[in-house]
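The lines below spell out each chain.
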Amino acid sequence: MLTFTELNKPRIDIELYGTDTYIPPIDKVRVMDEDSFEQFTLEWLYGCKKDKYSSIKRIGGAGDKGRDVVAYYNDGSVDYYQCKHYNTALAPSNYYLELGKLCYYTYNKEIPMPEEYYIIASNDVGTSFQDLLDNPTKLLSKLRQNWDNYCKTKITKTTEVPLENSLSDYIDTFDFTIVNTYPIAQVIDEYLDTIYGSIRFGGRRLNMPTLISPTDEIETDEMPYISALLEAYSDELGVQISTIEGLKAYNTYFRNLNRQRKDYYSAETIRRFVRDTLTDSQQFDVLKDEVYDGIIDTHEQDYDSGYKRLVEDLKQAAVINTSKCMLDSKLHCIGVSERKGVCHMLVNDNKLKWVSNE
């Protein structure tokens, strides 16, 4: 069944990060399976070409009409990208069918004529095929000669497509200069400069997202842990403090709250990075579980105030081992501030409470 899905930001498999970094990228590309190679191509398009197009859509399933990816310009015109993962360089015989599909389906107006049609091949195209691409007249001649063997009975499963009448005339006028190759070495070189390059191939430092700074006004999502902090300060001072304005009279605790907000936003930076970038969105939950398990014994001790419990929990969070989470063990993006910030997220999740009801 044909699926037609708009390509938003592709996600990255964190388990690929830092593995087999001694293997050259070109060799990793060549041992991919077809689906992984298509995903690799999508990551390259998003990382390197997203500013060129208004949207990028991936086509999958039977009936894709010879298009793996359709990239749209602002004016509605399109480019097509066709991925081919072969163990050897593409020969003309490997591609006559795809050229036949391009001609047949644009002739029937089932798909629009692209501005450019790109062949992305894991082992590039061979010399004989490149010679044809460089000589569109000769390419047309060879396609006509090989139509019956490679296209006539294979373009569709339901009907033969003989090269005759108006279709034959159409192919005679087809502009084969739109068919281009994109050297796999150039694809890889461009890919390596994206965030995906570090994840898939390793050997480069992964650029972490820019740290989110606390907003001037308290956000709605912050209210649970902010309220818990105010309750802890009140418990320590023996004075009811219910607003940030009221806390400003107690400078030590007001500074403490600002530090807690900074830590919360450090953790929130990583949470959003995981959500938007990685295939394994559960890794942030793994981090939260690690922090919770690491501090819960400390948390459940008896304290004179909720504030003292807060202080001791954060001390413990700063030194616990969170290497079970790949965000720490592989990406090395979990530090003291992020661990402390996770404590406040656990408050938001109703798993921690500084002031005990007992």
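I will try to describe carefully the structure that is included in this document. (Residues numbered from 1 in each chain as written. Predicted model: local features only at pLDDT ≥ 70, side-chain atom pairs only at ≥ 80, totals over all residues. Heavy atoms only, no water.)

1. Description of the pairing of strand β5 (residues 116-121)
Among the six residues of β5, five are classified as buried, and the element is accordingly described as predominantly covered. After leaving strand β4 (residues 78-84), the chain enters helix α3 (residues 92-107) and then returns to the sheet as β5, a path that is right-handed. (Buried < 20%, exposed > 50% of the residue type's maximum accessible area, 1.4 Å probe, protein only. Helix = DSSP H or I, 4+ residues; strand = E, 2+ residues; numbered from the N terminus. Right-handed = clockwise from strand over helix to strand, strands pointing away.)

2. Considerations on the nonpolar core
Within soluble globular proteins, side chains that are nonpolar tend to cluster in buried spots. Leu 229, Tyr 233, Leu 247, Phe 284, Leu 327 and Trp 354 are the most contacted members of the largest nonpolar core, which has 42 residues in total. Of all elements in the fold, only α9 (223-237), α11 (251-277), α12 (283-299), α13 (306-319) and α15 (336-348) reach the threshold of two or more residues within this core. In terms of residue count, α11 provides more of this core than any other element does, nine residues in total. Here Leu 247 is in contact with Leu 230, Tyr 233, Ile 241, Tyr 253, Phe 254 and Leu 257, once residues within four sequence places are set aside. Residues Leu 99, Leu 102, Leu 133 and Phe 174 belong to the second largest nonpolar core, which totals 35 residues. (Core = buried A, V, L, I, M, F, W, Y, C linked by side-chain atoms within 4.5 Å. Contact = heavy atoms within 4.5 Å.)

3. Observations concerning a negative patch on the surface
Together, Asp 216, Glu 217, Glu 219 and Asp 221 give the surface a local cluster of negative charge. Inspection of the secondary structure puts Glu 219 in the loop between α8 (195-201) and α9. (Patch = residues over 30% accessible without salt bridge, like charges linked within 9 Å, V, L, I, M, F, W, Y side chains within 5 Å. Areas by Shrake-Rupley, 256 points an atom, 1.4 Å probe, with all protein chains shown as cover. Salt bridge = Lys/Arg side-chain N within 4 Å of Asp/Glu carboxyl O. Lys, Arg positive; Asp, Glu negative; His and termini not counted. Charge placed at Lys NZ, Arg CZ, Asp CG, Glu CD.)

4. Some thoughts on α12
The end-to-end C-alpha distance of α12 is 23 Å, a good match for the 24 Å that 17 residues give at a rise of 1.5 Å each. At Asp 293, α12 shows its strongest bend, of approximately 30°. The set of residues buried in α12 consists of Gln 283, Phe 284, Leu 287, Lys 288, Glu 290, Val 291, Ile 295, Ile 296, Thr 298 and His 299. Each element contacted by the buried residues of α12 is listed here: α11, α13, α14 (326-329) and α15. (Expected span 1.5 Å × (residues − 1). Bend = angle between axes of the 7 residues up to and from the residue.)

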